[in-house]
Each structure stands twice: as C-alpha cells, then as structure tokens.
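Structural overview for review
Chain by chain, the residues run as shown.
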Amino acid sequence: MGGLGDPVIGSEFINREEELGVLDRRVDSFIKEGKKRNIAVLGLRKVGKTSLMQQFIKHYKKESNFLAIPIYVPEENPKIFVTKAVGLTLMYLLRKKGLSIESPITLNSLVNLAIAVFPKTAQTALEISRQPDISEAFSSVFELFKIAQKESGYSILVWLDEFQRIADYKKHVNAPIDTIREIAMNQGKVMYVIAGSSIGMLTKIIASTESPLFGHFEQLKLKGFDFGNSRKLILQRLDGLSIGENEIGFLFELTDGVPFYIDLLTFRMKDLATQHRYKSLPTSVLTDALLLEVFTSSGGIYSHLTSLIDESLGKKGLSRYLELMKAIARGNHRSIDIARNSEIEYTQFPKYIKQLIDWDIVIKKDGEDTFGTYYLSDTLLEFWLKEVFSLREDAIISEISEKRKRFRSNVEKIIEEYKTQVGLGNEARIRELFKAFDGNISIFDKVLPKFDSVTIMRLPNNEELDVLAVSSQDRWAAEVKDMPVDVGDINDFIRKINLSPLPINQKILICLLGINEDAQKLALSNKIAVWKLDDVNILMKAYSKFRITI
C-alpha cells in the first residue's frame, strides 16, 4: 500500500467501472481498428483521477503493441514540462522493451540507453533537450510522440494530468493550445487523454466553440463515489472493525464520497480503535477522528483545505472571497442572501462569485437569476469553513482547548441531528422538505411555494399519498418511490390522484431509484413532474438538510 491518501491500484482500487469501461472501449477501438477518440477526464481535487490513470495503465501494461505515457504537467514552467515529457517518453519506451529503468535517472543516461534501441527517437530527444527556444522545444515534444510511435510500432496514448496548466505556458510559449491542436490532433496513432482538477478552465479549453480543441475530446466526468461504493470503501479501510450504518452514512454525507477524505478519516478511526482496543466503533471515535483530522492544524484534511484556500485565493483578495464562502457554508444559497451575509455590496457580488466559480470552489445550479442557487463544490470544505475556520478565528473564545471542546460538542449535535433525520424514513423526510419551501427556489422552472400545511393525503378508499402540500393558491400531491419506477407505478399514481376529493394542480412522482423511459414518457404526457434522487438532494442541501442515500 502507498502513503496515506496516495493513488491506489489493484485490490485497493474501488469502483470506476463505468469510467474504466469508457476508456477501455476507446482504447480497444484505437488499438484494433485505428479509430482514435481523445478523452478529457474532469474531476475536482482528490476525487481519484490519478488512481484512475494508474489503474488504467496497469490494465494495459501487458498489451504488446500499446504504450501509455503518463505526464504530470507542472505549473507555469514549460521548460520542466519539456524535460519531463522527453525523459518519460524514453523511459516508458525502454521499459516496454524489457529494460529495467530505475528513477532517478538523468535525461542523458536515458538517451544513451535508447540510442541503440530507438535511434531516431533518442536523437530527437537529444535535440529537444538542447533547443534554446522554448516554443520550439514545446512543439517538438508533441512531434517526439509521433516519432516514437513510428519507430516503435506501438499505438501510443499520452496521458497529460493537470492539462489546464498548459494554458498558462502562453507567457513563455507561443499559443500552446493552438500548437497542440495543429500538431497533436492530426497524429493518427497517438491518442491523448487530458485530465485536470480545474474543471471550469479545462471545460473552456476543450468545450468552448472559440477554443482550438473544441470538438476533439470526449468528456469523462469523475465524481465522488456514490453511497454504495463509499460504504464499500469505508468497510475495506476499517479492515474488519464494526461500524454503525448511521456512522457510515454520516461519513458519506460529510465527504461526498471523495476517496481522499474517506481514506484519511478511516485511517484515523482505525488508529484510535487500536489505541482503545475497540472492535466495534462507537460514535465518539468518529468525533475524535474529525477533531484530529479536520480541526487540528496538524491533521491531513486541515492541511489540505488550508493549502487549497492559499493556492486558490492567496493573492487575489482573500478576505472578500472567504466571506462569500463562509456565507454559503452557513446555508445561504441565493445571491441576495450570500451578499447580505458576507457584507459585500450586491453590485459587486457577480464579479466575486464568478471568480469562485472559475476556480471550481463554488458551483451554480441552473435556474432563473432570481432563483439561481450557489454551493461550495467541496462538502467537507463547507463543513470546515462553518465548524472549524470560523471557530478558530473567533476572538471571543481565546483558548484552543475551549475551541476544541466547542467543536466536539457541535459535531456531536450534528451527528445526532443526522441520526434523527435519517430515522424518520424517506416519506417523512420528503414531507419535512416540503415544509421548508419558502418561495425562493425553483426546480425545473417551477417555483417551490411556501405551503400552509404539509400532510399525508388520505383518500376515500383508505389509501394514501405520501404528500399533500397546500397553500392559498396551490395544492401539490406527491408520491415517494424507493424502487425503480415503471409504467404500472405511473398508472397507479394517476389512479390515486383521480380519487382525490381535492383538485390537485401539481402532481409529483419522486423516483429515488430512477424511472424507465416508457414510464418517463407516460408521466410527461400526464403532466406529472418527475423528481429523481439528485433533484431531491439538491433541494435537501438548499434547505440545510441531510441527503437521502437510499
């Protein structure tokens, strides 16, 4: 096993079947049929892009006529990129030929080893390393991949991690993105996978109609694990220790399935269990793990989040951006509420929020401007800003020991509230959600009104609908389904609506485990709104409630 929080492969690699499946299909087509489809892997920091890359490369390591070359793009330094790309190309070619190449090794040593096996590639590499013009050297790297492919006969895949940094090379390199388009995109036997954590910037580079790379990359978006795979990862990391389902659910809620966070927190929990000789983990172990990892300045998650803020906001008006982020973390999601609670003039809000979106710190959920809502993209960052940063900066409480006690107490209350909400059951939780609607948020261009009452709807034949929400102008009825929905479910819902003694002007079927295509069409034709699990959980978050995990 690697270091804590490091990328993982082999038996420790969990899920990503769908993403690996896309990569496998594209590469198989590339190798066997010569059909090239470049891919862009997009995902927030620490979501597992590097683990995906390493697992993919491991999978194809024994493919005789295929070579993958992973290159990590350094920040704002094309000279380092050129040296690294040239050296890695030679190293992976030589390893493919069966030579044992151990790092560190100099570029000259690699050239000397390669000259007897791949003379053209080695000579080109040497020329690039001596090229004084950085623009020429940069473009020559992409020519090197083509030369290596022709000389070796391998189909070559170049994986460029943190690709968006290449856009910053324009300070030293003439139009670097245009260069890649002109040279690399026309290489039939060289396939490119680009990856990056700056999703906004990378999307602009590959998806903007004004970009030279527009239309040349298929997007593959990497998110945190879903609940099932997060649970699997938690149990694997705890290695036989018993843990309650509520604690597993809370860990998923807090980490949003990001494997890096799960890795650090479960490691800490396991360490605490060893100290106290626990075989079954009480809730206090989770609380202690959060105290040590998230609150304490030496904790891995604390260090990561402070570094994230420093790197993103360090020289760009830190205080204003932090106030906006803290306002969102406190549960303000509409622009007017965020501005008011961050004491930033509303006229200045668009400028600052746009920058936070560009840095992938904040995301905006689509909707009319009046109802557009904003969220922090990292759930644990949100928790940290609200429960750690604000507390540690609180001048009224001066003693760090007192702050630790306050943090522990707050976490205990949050976990108990989580257990209370989850214990209600999904139908009751949906009713509580409807009770929270305030007329300020919309879904599918429909304003969610403030209701006077939200109850179970009892029908004349003693059947029930899960939700009847009534205001002076609206009567909404909803049914919650925690099984996959088919046409029969739609017809049954219509039958129940027809039994209602009250006129219903909005019908909603809440499909927590999805709906098939025929049922979706039938619902649409009968003016039934379909809310899926993701839709519900967006609203749960907007109204400061815990998500439903099924």
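Details of the structure are given in the entry above.
Report on the accompanying structure. These figures come from a predicted structure and were not determined experimentally.

Attention shifts here to the sheet that holds strand β4 (residues 190-196). Pairing in this open sheet of five strands is parallel, and the strands run β2-β3-β4-β1-β5 from one edge to the other. Edge positions in the sheet fall to β2 (66-72) and β5 (217-221), since each of these pairs with one other strand and no more. Taken pair by pair, the neighbouring strands of this sheet meet at an average axis angle of 20 degrees, ignoring direction. Pairing analysis gives six bridges linking strand β3 (residues 155-161) to β4, with the strands arranged parallel.

Moving on: the side chain of Asp378. Of note, Asp378 is situated in the loop between β9 (373-376) and α17 (379-392). It turns out Asp378 is buried and unbridged, and the closest side chain with the opposite charge, Arg45, is 6.7 Å from it. A polar contact of 3.0 Å, which involves the side chain of Asp378, links it to the backbone nitrogen of Leu380. In terms of polar contacts, Asp378 uses its side chain to reach the backbone amide nitrogen of Leu381, at 3.1 Å. The residues touching Asp378, leaving out its near neighbours within four places in the chain, are Tyr261 and Leu305.

For helix α1 (residues 17-33), which comprises 17 residues, the first-to-last C-alpha distance of 23 Å matches the rise-based estimate of 24 Å (1.5 Å per residue) to within 8%. Buried-residue contacts for α1 involve β1 (38-42), α2 (49-59), β2, β3, β4 and β5.

All of the buried residues along α2 are Lys49, Ser51, Leu52, Met53, Gln55, Phe56 and Ile57. Turning to α2, the residues buried within the fold contact α1, β1, β2, β3 and β4.

Before going further, it helps to spend a moment on the pattern of salt bridges. All chains considered together, the criterion is met by 24 salt bridges. Asp358 is the salt-bridge partner of Lys354, the closest N and O atoms lying 3.0 Å from each other. With Lys354 and Asp358 both in helix α16 (residues 349-358), this residue pair falls four residues apart, about one helical turn. For Lys354, a relative accessible area of 47% translates into the label partly exposed.

Our next topic: the packing of helix α10 (residues 245-255) against helix α18 (residues 400-423). Where α10 contacts α18, the two axes come as close as 10 Å, and the packing angle between them is 110 degrees. As the angle between them shows, α10 and α18 are arranged roughly perpendicular. Residue-level inspection shows Asn246, Glu247, Gly249, Phe250 and Glu253 of α10 in contact with α18, the latter providing Ile414, Ile415, Tyr418, Lys419 and Val422. A class-by-class count of the residues in the contact of α10 with α18 yields five nonpolar, two polar and three charged.

Conventions and cut-offs
Position labels on residues start from 1 in each chain and follow its written sequence. Note on the predicted model: pLDDT of at least 70 is required for a residue's local features to be given, and 80 or more for side-chain atom pairs to be given and counted; whole-chain, interface and lining totals, by contrast, use all residues. Neither water nor hydrogens contribute to the side-chain values; these are computed over all heavy atoms in the structure. Two strands make a pair as long as DSSP finds a minimum of two bridges between them. Each helix corresponds to a stretch of at least 4 residues labelled H or I by DSSP, and each strand to a stretch of at least 2 residues labelled E; elements are numbered beginning at the N terminus. Note on method: axes are straight lines fitted to C-alpha atoms, helices fitted across the in-contact stretch only, with angles between N-to-C directions ranging 0 to 180 degrees. Relative accessible area decides the class of each residue, using a 1.4 Å probe on protein chains only: under 20% of the type maximum gives buried, over 50% gives exposed, and in between gives partly exposed. None of His or the chain ends enter the tally, which takes Lys and Arg as positive and Asp and Glu as negative. Any carboxyl oxygen of Asp or Glu that lies within 4 Å of a side-chain nitrogen of Lys or Arg is treated as forming a salt bridge with it. Pairing of N or O atoms within 3.5 Å defines a polar contact, subject to two protein rules: one partner must be a possible hydrogen donor and the other a possible acceptor, and residues neighboring in sequence count only if both atoms are side-chain atoms. We call two residues in contact whenever any of their non-hydrogen atoms come within 4.5 Å of each other. Helix span, as expected, comes to 1.5 Å for every residue beyond the first. Working rule for angles: under 35 degrees goes down as roughly parallel, over 145 as roughly antiparallel, 65 to 115 as roughly perpendicular, anything else as oblique. Side-chain classes follow a simple rule in which Ala, Val, Leu, Ile, Met, Phe, Trp, Tyr, Cys and Pro form the nonpolar group, Asp, Glu, Lys and Arg form the charged group, and the remainder, Gly included, forms the polar group.

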